[in-house]
Amino acid sequence: MAKTKATSAHPRLTIHERQLLDRVDKSAKDLIRFTQRLVRARSTNPFLPSPRSFSTEPVEKAAANAVYAELKKLGLSPRYRAAHQNRPNVVCSVGSNKGRSLILNGHLDTVDVGNENDWTHPPFSGVINKGKLYGRGALDMKASIAAMAYALKALAETGLTGKITLAAVVDEETGACSELGSKYLLSQELRADACIVGEPSSEKIRIGHRGVYRFKLISHGQAAHTGSSEWEQQTRGVNAVTKLARALLEIEKLKFPARPNTLFRDKRTIITPGTMVSGGTGINIVPDHAEATVDVRLLPGQTKVQIKRVLQDCLNKLKQKDPKLNLSIEDLVFGGASFINPFERIVTVLQRASKEILGRKPGTAVSGGGNDAHFFTSKGIPAIGGFGPDGDNIHAVDEYAEVESIVAICKVYALTAWRFTSEKTR
């Protein structure tokens, strides 16, 4: 395995830091093999989030068991922590309470693969070709979890004055609003002085992300036979599908008020109507029901109440023009935007470690997509919302993580954790 820029001979590293990175180098082959096993442990999450219930299907159980088994093999002491036994999070801590504490957070679930025949390499093979490790979830974000696990091993062997906790969590891909993963662990008193959520990549340190509000727009109509005289003369029947379509086209034009925020100056609120649409029961029946999911990406300060007020005003105006329009909104999930100060200690320590390992100092940015960072910041824990291995094709065909990057990021995690928990100054 090729070594990254920082080696045991790097003059800026202390003796303990050199030992730390040497331990990662010695475990590099095992780290990559574990990443492959983790990709092979299927954990695709097909479920739509709901405020009333959650799925108890064992979506991530194989992946959680793989992480647990690997940590045990490495001589560590992992634990399952779960709101439901079929959806277990894996938590593992090393170190002591004498210094600062840090959480390394990653999600076990992945999006679906689509048509497997479209993949160059089978999506659950974990095959390595020309330095790229392929598979669904390889980059988002099983490579990060593997790197965190082996960083934990190296830290445990080197000795710590602080405490590092790996939290491999479930049910993030449904909208980063789940009651089962990071939010559940925080409700069980998981705490630290900072957190790194290992979303890819290493180009930028993501110090914030947009929020998300998702809902169903439901259209209620009246069924009729499409060949009947009543439908022909419009005395019976209301087409729920076309009513819904008109509403979706209108709400696509909506603008939402937002407070100015320097970090999000290149971002805006985005509404995407009709991400999933269904309706009708037969080809010869006027559809009496139709529904569509809608995705709204939020800026800091925007609340569900504010967004719904704008939406409802739009629907009310449509109703005035067309009394047969009968629409309702069903909330799915809401998670607010999140951001931290770009000069937070965890950010500057991560930047310095990256500079020494990767040969470059990553800048800071905010992410358009949401993740679990907002759960931590809401509890007063400064959370980086994305820094992990490099690769490509997240949520797409032929997703891959770069093998050398997995090892390099493992070193960055280890060095950052060591310095964050032990150094007295920035």
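Look up a bit, the structure's there.
Residues numbered from 1 in each chain as written. Predicted model: local features only at pLDDT ≥ 70, side-chain atom pairs only at ≥ 80, totals over all residues. Heavy atoms only, no water.

> Would you mind showing me how to read the packing of aromatic side chains here?
Two numbers describe a pair of aromatic rings. These are the distance of the centres and the angle of the planes. Throughout the structure, instances matching the rule amount to six aromatic pairs. Between Phe34 and Tyr150, the ring centres sit 6.3 Å apart and the planes meet at 45 degrees, which makes this aromatic pair tilted. With a gap of 116 residues between them, Phe34 in helix H2 (residues 28-40) and Tyr150 in helix H4 (residues 138-158) connect regions that are remote in the sequence. Here Phe264 and Phe339 contribute two aromatic rings whose centre-to-centre distance is 6.1 Å and whose plane-to-plane angle is 75 degrees, an arrangement assigned as edge-to-face. (Phe/Tyr/Trp six-rings, centres within 6.5 Å; stacked < 30°, edge-to-face > 60°. Helix = DSSP H or I, 4+ residues; strand = E, 2+ residues; numbered from the N terminus.)

> Just to check I follow, could you spell out the state of the cysteines for this structure?
Simply put, the disulfide is a covalent bond whose two ends are the sulfur atoms of two cysteines. Scanning all chains against the criterion turns up zero disulfides. Lacking any disulfide linkage, Cys177 is separated from the closest cysteine sulfur, that of Cys195, by 16 Å. (Disulfide = S-S within 2.5 Å.)

> How do you make sense of the nonpolar core when you look at a structure like this?
Within soluble globular proteins, side chains that are nonpolar generally end up buried alongside one another. Judged by nonpolar contacts, the single largest core of 74 residues is most densely connected at Val67, Leu71, Leu102, Ile164 and Ile384. Ignoring anything within four residues of it in the chain, the contact list for Ile384 reads Cys195, Ile196, Val197, Ile205, Arg206, Ile340, Ile346, Val347 and Leu350. Of all hydrophobic cores here, the second largest spans 23 residues; its members include Leu217, Val294, Val296 and Leu325. (Core = buried A, V, L, I, M, F, W, Y, C linked by side-chain atoms within 4.5 Å. Buried < 20%, exposed > 50% of the residue type's maximum accessible area, 1.4 Å probe, protein only. Contact = heavy atoms within 4.5 Å.)

> Before we go on, may I ask you to explain the layout of surface pockets in this structure?
In this approach the atoms are scanned with a rolling probe the size of a water molecule, which exposes any empty space left behind. Its volume calculated, the largest pocket comes out at about 920 Å³. In terms of lining, the largest pocket is formed by 45 residues, of which the most central are Val111, Glu173, Arg214, Arg297 and His395. Those elements that place two or more of their residues in the lining of the largest pocket are H4, strand S8 (204-209), strand S9 (211-220), strand S10 (270-279), strand S11 (289-298) and strand S12 (327-335). With four residues, S11 is the largest single contributor of residues to the lining of the largest pocket. Residue classes in the lining of the largest pocket are distributed as 14 nonpolar, 21 polar and ten charged. (1 Å grid on protein atoms, 1.4 Å probe; cavity = no way out; pocket = protein on both sides within 12 Å on 5 of 7 lines; lining within 4 Å. Points joined across faces, edges and corners; volume = space filled by probe spheres on them. Nonpolar A, V, L, I, M, F, W, Y, C, P; charged D, E, K, R; others polar.)

> Any chance you could explain the packing of H2 against H4 here in plain terms?
Packed helices, taken two at a time, are described by their axes: the angle between them and the distance between them. H4 packs onto H2 with a crossing angle of 140 degrees between their chain directions and a minimal axis gap of 9 Å. In terms of their interaxial angle, H2 and H4 are classed as oblique. Classified by chirality, the crossing of H4 by H2 is right-handed. When H2 is examined against H4, the residues Asp30, Leu31, Phe34, Thr35, Leu38 and Val39 are found in contact with a partner set consisting of Ala138, Lys142, Ala143, Ile145, Ala146, Ala147, Ala149 and Tyr150. Here the contact of H2 with H4 is composed, by residue class, of eleven nonpolar, one polar and two charged. (Axes fitted to C-alpha atoms, helices over the stretch in contact; angles between N-to-C directions. Parallel < 35°, antiparallel > 145°, perpendicular 65-115°, else oblique. Left-handed = near helix turned anticlockwise from the far one by under 90°.)

> What is the right way to look at unusual backbone geometry in this model?
Across the chain, the bulk of peptide bonds are trans and the bulk of non-glycine residues have phi less than zero. Met141 follows Asp140 through a cis peptide bond whose omega is -5 degrees. Of note in the backbone geometry, Lys130 takes a positive phi value of approximately 55 degrees without being a glycine. In this structure, Lys130 sits in the loop between strand S4 (128-129) and strand S5 (132-134). In the Ramachandran plot, Asp171 falls in the positive-phi region, its phi being about 60 degrees despite a non-glycine side chain.

> So what exactly am I meant to see when it comes to the environment of Arg18 here?
Mapped onto the elements of the fold, Arg18 is located in helix H1 (residues 15-26). The partly exposed category is assigned to Arg18, whose relative accessible area is 26%. On a C-alpha basis, the gap between Arg18 and Thr158 in space is 9.9 Å, while along the polypeptide they are 140 residues apart.

> Would you take a moment to explain H1 for this structure?
Residue pairs spaced three or four apart in an α-helix point in one direction, given the helix's 3.6 residues per turn. Its twelve residues give H1 an end-to-end C-alpha distance of 17 Å, which sits within 8% of 16 Å, the value for a rise of 1.5 Å per residue. Residues of H1 that are buried include every one of Glu17, Leu20, Leu21, Val24 and Asp25, and no others. Looking straight down H1, one finds that the buried residues subtend no more than 140 degrees of arc, so they occupy a single side. Set apart from the buried face of H1 by more than 90 degrees, the exposed residues are Ile15 and Lys26. Contact partners of the buried residues in H1: H2, H4, helix H9 (345-358) and helix H11 (403-422). (Expected span 1.5 Å × (residues − 1). Arc of directions from axis to C-beta.)

> Would you take a moment to explain the pattern of salt bridges for this structure?
Should the charged atoms of two oppositely charged side chains come close, the side chains can pair. Enumeration over the complete set of coordinates arrives at 22 salt bridges. A salt bridge links Asp30 to Arg33; the nearest nitrogen and oxygen atoms lie 2.8 Å apart. In this pair, Asp30 and Arg33 both sit in helix H2, three residues apart, roughly one turn of the helix. Judged by its relative accessible area of 43%, Arg33 is partly exposed. With a shortest N-O distance of 2.8 Å, Arg214 and Asp295 are connected by a salt bridge. Of this pair, Arg214 sits in strand S9 while Asp295 sits in strand S11, placing them 81 residues apart in sequence. For the pair Arg214 and Asp295, a shared accessibility class is recorded, and that class is buried. A network of salt bridges, in which partner residues are shared, links Arg12, Glu17, Glu356 and Arg419. (Salt bridge = Lys/Arg side-chain N within 4 Å of Asp/Glu carboxyl O.)

The quantities given are spatial measurements derived from coordinates; they are silent on function.
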